[in-house]
Amino acid sequence: IIDCGAFQNCSNLTKISLPQGLERIEMLAFSNAKNLKEITIPDRMKYIDPSAFNGCENLSKIILEGHEIYRNTFSEMENVTFIYKNNEYSCKELYK
């Protein structure tokens, strides 16, 4: 579990590869990590709070390792590219 607000306002984060076995990301965990550009989410993820990435305005690439996209979590991020099972999709394409 990544707890509530664990990396909130952390400006040093630019790229994150979350560990295998991680199953939950709680509310505001990475909120306002302004320099975060890329995150890799492991295949056993069960829950991502919709507010986990609020204010991550530079997040542009999300790599999903074999699981479904969390629509509520990423629905407001228009400039994000998802890489899912070797296919790339822009956020605009996914939410049409």
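Located above this text is the structure these notes cover.
Residues numbered from 1 in each chain as written. Predicted model: local features only at pLDDT ≥ 70, side-chain atom pairs only at ≥ 80, totals over all residues. Heavy atoms only, no water.

Engineer: Explain unusual backbone geometry here, please?
Structural biologist: Residues other than glycine predominantly adopt negative phi, and peptide bonds predominantly adopt the trans conformation. Residues other than glycine seldom take positive phi values, yet Asn 9 does so here, at roughly 65 degrees. Within the secondary structure layout, Asn 9 lies in the segment before strand 1 (15-17). Asn 9 gets classed as exposed once you look at its relative accessible area, which sits at 51%. Of note, Leu 28 is a non-glycine position whose phi angle comes to about 60 degrees, a positive value. (Helix = DSSP H or I, 4+ residues; strand = E, 2+ residues; numbered from the N terminus. Buried < 20%, exposed > 50% of the residue type's maximum accessible area, 1.4 Å probe, protein only.)

Engineer: For this particular structure, what's the right way to read the nonpolar core?
Structural biologist: Residues Leu 18, Ile 25, Phe 30, Ile 41, Phe 53 and Ile 62 are the most contacted members of the largest nonpolar core, which totals 24 residues. Taken together, the elements giving at least two residues each to this core come down to strand 3 (38-41) and strand 5 (61-64). Those residues in contact with Ile 62 that lie beyond four places of it in its chain are Ile 39, Ile 41, Phe 74, Val 80, Thr 81, Phe 82 and Ile 83. (Core = buried A, V, L, I, M, F, W, Y, C linked by side-chain atoms within 4.5 Å. Contact = heavy atoms within 4.5 Å.)

Engineer: Hey, could you run me through the pairing of strand 5 in this one?
Structural biologist: The side chains of a regular strand alternate, first on one face of the sheet and then on the other. In terms of strand pairing, strand 3 meets strand 5 through four bridges, oriented parallel. Bridging from a neighbouring strand, Ile 39 pairs with Ile 62 of strand 5. Relative to strand 6 (residues 81-84), strand 5 is paired through four bridges, and the arrangement is parallel. Note that in strand 6 the partner of Lys 61 across the bridge is Thr 81. (Pairing = 2+ DSSP bridges.)

Engineer: Can you walk me through the side chain of Glu 38 in this structure?
Structural biologist: Note on placement: Glu 38 falls in strand 3. Dropping the residues within four chain positions of it, Glu 38 is found in contact with Thr 14, Lys 15, Ile 16, Leu 59, Lys 61 and Ile 63.

Engineer: I tried to follow the pattern of salt bridges on my own but got confused; where do I start?
Structural biologist: Side chains that carry opposite charge are capable of pairing whenever their charged atoms lie near each other. The tally for this structure, following the rule as stated, stands at five salt bridges. For the salt bridge of Lys 46 with Glu 23, the shortest nitrogen-to-oxygen distance reads 3.8 Å. You can see Lys 46 sitting in the loop between strand 3 and strand 4 (47-48) and its partner Glu 23 sitting in the loop between strand 1 and strand 2 (24-25), a full 23 residues away along the chain. Classification of Lys 46 by relative accessible area gives exposed; the value is 60%. Residue class for Glu 23 comes out partly exposed when judged on its relative accessible area of 34%. Measuring nitrogen to oxygen at the nearest pair gives 3.9 Å for the salt bridge that ties Glu 38 to Lys 61. Placement of Glu 38 in strand 3 and of Lys 61 in strand 5 is noted, with a sequence separation of 23 residues between them. (Salt bridge = Lys/Arg side-chain N within 4 Å of Asp/Glu carboxyl O.)

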